[in-house]
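Chains, contacts and geometry: an overview
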Amino acid sequence: MSADAGTGSPKQRTDNRTRRHAPDWSGRLAERWRGIGLSLVVVVATVWLGVTGQLGLYIHPRYFGFTLVMAALGLVFVVASFVVPAPATGQSRSPRRNTLALVGSAVLLTVAAVAVLMVPPATLTSATATQREVNSGGLDTAEAADQAATLVGTGDYERLSVKEWVSLLAQSDDPALYTDKTARVTGFVLPDASDPENVFYVARFVVTCCAVDAQPIGLPVYQPGWSNSYNTDDWVEVTGFFAANPSATSTNTLAVQPSTIESVDQPSDPYVY
Amino acid sequence: MHRDRGTVRRVPTGLILGVVLVALAFLVRALSPAFAGWGLPDRAQDTVTLALSVIIESAPFVFLGILLSTVVQVWLPHGFLTRFLPRQPLLRRASISLLGMFFPVCECGNVPLARGFMVGGFTVPESITFLLAAPILNPITIITTHHAFGFDDGILVTRIVAGFVIANVIGWLYSRHPDPDSLLTPDFAASCARPEQDGHEHDHPHPPAAGRMQKSVDLFARETAVIMPALFVGSLLAALTQVFVPRSVLLALGSNPVWSVLAMMALAFIVAVCSNVDAFFVLSFGSTFMPGGIAAFLTFGAMIDVKMLALMRTTFTTRTLVQITALVALMSAAAGLLVNYVG
């Protein structure tokens, strides 16, 4: 909003300067400030997310440095374009196209400013998770498996994360391996599509690049009637041990039998990498 | 003296205006969570989150592309790049398809860069070759693909070879076009023609640095005016398809040698992941899909996807993009099928 309202002043400036020479000031105005306005919105949002530690809601940490450096450079160019006078070049177009350009740019800039600068940052929800297959495989990276193997070696199973458990389960779902082991994991509640009444996942999203490629992973938890106590998307910490999944329809052969399920706040880094 | 005073007076007004606007934007952003409870439905919220993640991920590459394009157009002597390229057209395009090795910008940044190349003297088919080859034939993409797949199933080799061949075949086809300028949007064709007129006005070999700074800033304004709206619209389209097209539909097709290729190409088209990280993304499908599907994903997706088409539409006509998309799709599918049936 503010960025849009703000471009009003340069509007008048350009307007006064060019009106006498060219009737198509509205098209030029749109051409000159549309990109700068959109860049301003993106750059400010990026820097703010970086400063407040929320950039991880959108992109993988390996891009933080590059993204922030380029955002800073972008900020320099945005400010510089207010300092440097606009050249009096540009194509002449029909008045209708010029008006269209101005209105289109104003609408785009307003929508962008609201979506990028005003909507509170958020993590992905179960709506996206249900569009994607949970534990679709391939997530058992060498690192996660090594880490898990090390932790399994120490017998400290409660420290294994959702991702590490999933990678262990991907290697073997032989119940004998898991019977005496306790899991304590944090994630959001996601119904198991094959038995939504009795089984839910303690789920996380794995992000490799940015949130667009987020893939849901999760440990199945057997708890008939869970939806009376928890909502989908609630963040919970589940403690329990693995056993053969009693559910008749669930595709998961093993499930956590919970001893406690506690509501927790959403962690500041909801995704895993 | 008089002129100095004029400059000093003009600079602060713009500077203050710019700084105030930036500060205002920060203020709005910082205060907005205070009116939490927007209560967006999950799907709408996720659409915003996904679109924003693509924008935040791609915008730095777009800026980098514009900066490199500015260096080529404003700071390097005219014709500097073309000077080192072979004159024979086939060899010339083959060299151009390797330029991505020196400009590892990612595909979104390649669009402004390719525009800069065209202004700087590349022919239309030459820039199409660059645009298609550079996302694959660049060090970051090759390293990440190797990291993800090693030399398994010929996926890496197929990607590199197919990327090179497809870019050059399409470049060759368009080099036979009688009127290559008609492939461009009228707006862009006009802006390609303009710098030459400018060149006559101030023809001295070393334009003053201040003039170049002004030109650079102006180029930033012009390029972002074209690319940023396309990036926003492309990201929104990518987010909407993610939220409303169930991915499980595609996954059901993974083990058939033909369908795995087509399904993975469709997936590549809608997810619009950057080419220098798509190998990690597709790694997770490695157990579900046949290697040919993976290879087709990595080849097709790097060149064409929903966001790229929005970006390329700034420069090329719809007709041209339909042709390029069809050609890339056919040849990527051929590469994928080759891997599945022969590899």
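Residues numbered from 1 in each chain as written. Chains lettered and ligands numbered in written order. Predicted model: local features only at pLDDT ≥ 70, side-chain atom pairs only at ≥ 80, totals over all residues. Heavy atoms only, no water.

The name an unreviewed UniProt entry gives chain B is Permease, with Cryobacterium arcticum as the organism. Here chain B is described in UniProt, under the heading Subcellular location (unreviewed entry), as follows: "Cell membrane". (UniProt positions renumbered as here; feature names shortened; annotations may be inferred.)

Per an unreviewed UniProt entry, chain A goes by the name TIGR03943 family protein and belongs to Cryobacterium arcticum.

Per the stated rule, a full pass over the model turns up seven salt bridges over all chains. Close ionic contact of Glu-31 of chain A with Arg-34 of chain A constitutes a salt bridge, the shortest N to O distance being 3.7 Å. A residue pair is termed a helical-turn pair when its members lie 3 or 4 positions apart in one helix, as Glu-31 of chain A and Arg-34 of chain A do in helix α3 (residues 25–51) at three residues. Classification of Glu-31 of chain A by relative accessible area gives partly exposed; the value is 29%. Asp-218 of chain B serves as the salt-bridge partner of Arg-222 of chain B, at 3.8 Å between the closest nitrogen and oxygen. Residue Arg-222 of chain B and its partner Asp-218 of chain B are located together in helix α10 (residues 209–244), separated by four residues, close to a single helical turn. Taking the relative accessible area as the measure of exposure, Asp-218 of chain B reaches 13% and is therefore buried. Linked through salt bridges whose partners overlap, the residues forming this network are Arg-32 of chain A together with Asp-218 and Arg-222 of chain B. (Salt bridge = Lys/Arg side-chain N within 4 Å of Asp/Glu carboxyl O. Helix = DSSP H or I, 4+ residues; strand = E, 2+ residues; numbered from the N terminus. Buried < 20%, exposed > 50% of the residue type's maximum accessible area, 1.4 Å probe, protein only.)

With that settled, the discussion passes to the nonpolar core. If you look at the biggest cluster of nonpolar residues, it comprises 145 residues, and the most contacted ones within it are Phe-117, Ile-294, Phe-297, Phe-316 and Val-328 of chain B. No other element matches helix α2 (residues 42–75) of chain B, which puts 13 residues into this core. Of the residues that make up this core, three or more belong to each of domain 1 (2–122) and domain 2 (128–263) of chain A. Counting residues in each nonpolar core, the second largest holds 26 residues, with Tyr-157, Val-162, Trp-165 and Val-272 of chain A among its members. (Core = buried A, V, L, I, M, F, W, Y, C linked by side-chain atoms within 4.5 Å. Domains from an automatic or database assignment.)

All names here are of chain B. The positions that UniProt labels "transmembrane region" (unreviewed entry) are, in the present scheme, residues 12–31, 51–76, 130–149, 156–174, 226–245, 257–283, 289–309 and 321–342. In residues 51–76, helix accounts for 96% and strand for 0%; the two terminal C-alpha atoms are 35 Å from one another. In this annotation, residues 130–149 is assigned 75% helix and 0% strand; the end-to-end C-alpha distance for the span is 25 Å.

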